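Secondary and tertiary structure notes
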Amino acid sequence: MLLQIPPSTFLKELREQIPLVHCITNYVAMDIAANVLLAVGASPAMVHAEEEAGEFAKLAGAITINIGTLSSGWLRGMEAAAIAATQSGKPWVLDPVAHYATAFRRDATELLLKLGPTIIRGNASEIIALAGGAFRGKGVDTGDDVEHAKHSARLLADRHGAVVAVTGAVDFITDGKRAFRIEGGSVLMPRVTALGCSLTCLVGAFAAVRPGAPFEATVAAVATFAVAGELAADKSEGPGSFSWRFLDALGAIDGPCLDHRARVTTA
Amino acid sequence: MLLQIPPSTFLKELREQIPLVHCITNYVAMDIAANVLLAVGASPAMVHAEEEAGEFAKLAGAITINIGTLSSGWLRGMEAAAIAATQSGKPWVLDPVAHYATAFRRDATELLLKLGPTIIRGNASEIIALAGGAFRGKGVDTGDDVEHAKHSARLLADRHGAVVAVTGAVDFITDGKRAFRIEGGSVLMPRVTALGCSLTCLVGAFAAVRPGAPFEATVAAVATFAVAGELAADKSEGPGSFSWRFLDALGAIDGPCLDHRARVTTA
Amino acid sequence: MLLQIPPSTFLKELREQIPLVHCITNYVAMDIAANVLLAVGASPAMVHAEEEAGEFAKLAGAITINIGTLSSGWLRGMEAAAIAATQSGKPWVLDPVAHYATAFRRDATELLLKLGPTIIRGNASEIIALAGGAFRGKGVDTGDDVEHAKHSARLLADRHGAVVAVTGAVDFITDGKRAFRIEGGSVLMPRVTALGCSLTCLVGAFAAVRPGAPFEATVAAVATFAVAGELAADKSEGPGSFSWRFLDALGAIDGPCLDHRARVTTA
């Protein structure tokens, strides 16, 4: 393993700490994202109102912000949570879902980026578009390969001082200096809604465990997702059976299995 | 097969085109509806805010609007999306969930009907009530048989120049001139929440494939739902297992199976 | 069986009456809570807007209010529904999710408590905090045992003239005079999101059946949940498979099985 901290260390510490992860995510993702966090051993809480998002963020180990089903009121809650996260030194993850699709989304993403996310996770089209490149995304689904988003990811990481994770058939993670490629998962994963959004929440859970190591935490979370995806796909007959087998796999996976099966290489 | 365009043609073209379906649906339906669309091969996006619903609708192949968990802010987003759909010649589907239950819902439905839906889908009580008839619905569940809604459906189709689909144990679809009856499905379907709402989204996906043939698209979508329901019910032990088997069936169903099993007759 | 009305009587009457349960619950719980109610045989409706929540509440057999993903607009809908419930003599259930976490939540809970809930359901930390005791909850998950919440539950029941249910590994239900302890369930239940919230909705469904017997209704609902949890856990390999097996079990459970397996003792 090339990593200074193996994924199993994060998984072990996560299950000991049971970190509270404050998720502001979209309506579609709420159920599956909460179940992903509970299955792996974390404690999710979905809290979005501007009246309390900042106060609640200070109680959490990490905050994740996803603009999937954005509205003005929720954006104010996202801002409050991001500001509180930064002020209290908590890692926070930005998931700029289809930020290129409308002016409302572009403006919101620009605003949130200025608040300094610790980690940015998106699909290839989202990351390319965020870096100002030519992308082919349609709606919330990517139209580009992760391979073509590598340059954009490095550029974004430098520009924002953030860890950037591009996820898809193969995943790419960089902090601007280091970069890893992760293989695994299943073709069924994009056939289940909001698994990318759920991964954003899982990245938050791993980052909460060791707030000083967001790059390694992101790699560990993405690797855990990929391995659980492979395990679940083995016995699945379609997206319906994959969905619950994936949760079972996240619950059953242990450290040795994770480190053994994780396919992380330098990129 | 009595249909000019068999269901398999729509299914094949849907999987080639992967249409973007802009769904404004209720909170309960979001997850299952997105999973239904992904399982069959379409690309769902849930976008509701008035700030962007109109802009986003122009990117989509079809728009679906469901008033299940209505609020004033969402109604403005629905209006913007419906207007944009009409302006850009995109088919849009109205699902007037329990529109008879409160004044707020009745007014909203009246407003949306004036914006000219391409297709209206509801259960028998909703369709009867929409046409001004005596209905027995309670909450969001029907208290009437589809058989008793046929006259109301024809009346609505004429009045609004729309395709009307009444779904239930048996389904009835009319454009005012032609009418089909579709058998199939399973008694477990009303035991899983929001399957009717998900069907509305599926109708949108099929309508996106051939915007000029909303009647045939609706029949094809409803037939696909009915066949997948039958296939899923075969091995299910209750509503929980039915739910994921249904998604697996939607993913696995192919053209020959669909046309062979679809029970569509003139009505 | 120590109960004056056995759980099976409620279950039988519920399936005959198919009560309409008006649920104002959080975004995470919407899907699973609706499926829990449909699986057992009730008719759920999620309606939250202040424009219609009061009007809709009068149509329902019971109302359930859960502050999980609270916002100001929803709070106004909750108030309207609670007032309408009280005015029309309908039982209503309060689920004060993580009410101790922020000022916004504390104020909202205080407001709702003044509207006189028929039944209050929470985890041990929530019930202890509500009674003014020292609690160890973090986020939405309990940090206390039900055993330590018994005194607080009795105190709350007296103070508000309400039935109080504390649920967890073991459940405790009191109306201030009588008290029962219920065993059962599964360690997988807290690993599936929003099962506690779903139980709140199920308590509403049982209370709708016999509005004059909220204590017995709560015991019956909690016992049904515990038995279904045990049945589902038998064959489950993790939280994903537990979730759908639990819905299957709720659909399959019958009166004799329920009364035979329910482990209700005086507490």
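Residues numbered from 1 in each chain as written. Chains lettered and ligands numbered in written order. Predicted model: local features only at pLDDT ≥ 70, side-chain atom pairs only at ≥ 80, totals over all residues. Heavy atoms only, no water.

Convention followed: UniProt positions are given in the numbering used here, feature names are shortened, and annotations may be inferred rather than shown by experiment.
Chain A appears in an unreviewed UniProt entry as Hydroxyethylthiazole kinase from Rhizobium grahamii CCGE 502. UniProt lists a comment for chain A under the heading Function (unreviewed entry), and it reads "Catalyzes the phosphorylation of the hydroxyl group of 4-methyl-5-beta-hydroxyethylthiazole (THZ)." In its Pathway (unreviewed entry) section, the UniProt record describing chain A reads: "Cofactor biosynthesis; thiamine diphosphate biosynthesis; 4-methyl-5-(2-phosphoethyl)-thiazole from 5-(2-hydroxyethyl)-4-methylthiazole: step 1/1."

Remarks on the environment of G137(A)
Where we set the bar: Helix numbering and strand numbering both begin at the N terminus, where a helix is a DSSP run of H or I of at least 4 residues and a strand a DSSP run of E of at least 2. Residues are treated as being in contact if the distance between any of their heavy atoms lies within 4.5 Å.
With respect to the helices, strands and loops of the structure, G137(A) is situated in the loop between α6 (124-130) and α7 (150-160). Those residues within four positions of G137(A) in sequence are excluded, and the remaining contacts are Y100(A), S125(A), T142(A), G143(A) and D144(A).

With respect to the interface of chain C and chain B
Let me state the cut-off plainly: Accessible area that two parts lose when put together, with a 1.4 Å probe and added across both, is what the buried area reports. What makes a salt bridge here is a side-chain nitrogen of Lys or Arg within 4 Å of a carboxyl oxygen of Asp or Glu, nothing more. The term polar contact refers here to a pair of N or O atoms within 3.5 Å; inside protein, the definition further demands a hydrogen-donor-capable atom paired with an acceptor-capable atom, and it admits residues adjacent in sequence only when both atoms are side-chain atoms. The nonpolar class holds Ala, Val, Leu, Ile, Met, Phe, Trp, Tyr, Cys and Pro. Asp, Glu, Lys and Arg form the charged class, and all remaining residues, Gly among them, are polar.
Of the residues lining the interface, 31 residues belong to chain C; the matching set on chain B comes to 28 residues. Carbon and sulfur atoms make up 56% of the surface buried where chain C meets chain B, a total of about 2300 Å² over both sides. A per-residue breakdown of the area chain C buries against chain B is headed by L38(C), E52(C) and D248(C), which together make up 22% of the total. The tally of links from chain C across to chain B stands at one salt bridge. Residue E52(C) is joined to R105(B) by a salt bridge in which the shortest nitrogen-to-oxygen separation is 2.7 Å. The interface formed by chain C and chain B holds 12 residue pairs in polar contact (both at pLDDT 80 or more) in total. When residues of the side of chain C that touches chain B are traced back to their parent elements, those giving at least two are α2 (30-40), β2 (43-46), α3 (53-57) and α10 (239-252) of chain C. When residues of the side of chain C that touches chain B are assigned to their parent elements, the largest contribution, seven residues, is made by α2(C). Residues belonging to the side of chain C that touches chain B are distributed by class as follows: 19 nonpolar, six polar and six charged.

Focus on the UniProt feature "binding site: ATP" (unreviewed entry) in chain A
All names here are of chain A. This is how it is decided: Each residue is assigned to one of three classes by its accessible area relative to the maximum for its type, calculated with a 1.4 Å probe on protein chains only: buried under 20%, partly exposed between the two thresholds, exposed over 50%.
What UniProt calls "binding site: ATP" (unreviewed entry) maps, in this numbering, to R121 and T167. Spanning 47 residues, the annotated positions come together in the fold, the maximum distance between their C-alpha atoms being 7.4 Å. Among the secondary structure elements, R121 is positioned in strand β5 (residues 119-122). A relative accessible area of 5% places R121 in the buried class. The contacts of R121, once residues within four sequence positions are left out, are L94, D95, P96, A165, T167, G196, C197, L199 and T200. At 3.1 Å, the side chain of R121 forms a polar contact with the side chain of D95. In this structure, T167 sits in the loop between β6 (163-166) and β7 (171-174). Accessibility expressed as a relative area gives 11% for T167, which makes it buried.

What to know about the nonpolar core
Inside soluble globular proteins, nonpolar side chains tend to come together where they are buried. Inclusion rule: Residues grouped as a nonpolar core are buried Ala, Val, Leu, Ile, Met, Phe, Trp, Tyr and Cys residues, joined through side-chain atoms within 4.5 Å.
In terms of nonpolar packing, the biggest core is built from 330 residues, with F246(A), F246(B) and F246(C) touching the most fellow members. In this structure F246(B) touches V36(B), M189(B), L195(B), F225(B), A228(B), G229(B) and A232(B), once residues within four positions along its chain are discounted.

Some thoughts on α2(C)
All names here are of chain C. Most of α2 is tucked away: 11 of the 11 residues are buried. Residues of α2 that are buried: M30, D31, I32, A33, A34, N35, V36, L37, L38, A39 and V40. After α2 finishes, the residue G41 shows a positive phi value of roughly 125 degrees.

Digging into the sheet that holds strand β4 (residues 92-95) of chain A
Residues and elements named next belong to chain A. Counted only if it meets this: Two strands qualify as a pair provided that DSSP identifies no fewer than 2 bridges between them. Only the contacting stretch of a helix is used when fitting its axis, a line to C-alpha atoms as for every element, and angles between N-to-C directions run 0 to 180 degrees.
Strands sit in the order β2-β1-β3-β4-β5-β6-β7-β8-β9 across an open sheet of nine strands; the sheet is mixed. Edge strands, defined here as strands with exactly one partner in the open sheet, are β2 (43-46) and β9 (263-266). Going from strand to strand, the sheet's axes swing by 20 degrees on average, the running direction of each strand aside. Both strand β1 (residues 20-24) and strand β3 (residues 62-66) contribute to a ladder of four bridges, which runs parallel. The partner of C23 across the bridge, within β3, is T64. Sheet strands touched by helix α2 (residues 30-40): β1 and β2. Its angle to β2, the strand with the most contacts, is close to 155 degrees. Each of β6, β7 and β8 (179-183) is contacted by α7, which is oriented at about 25 degrees to β7, the strand it contacts most.

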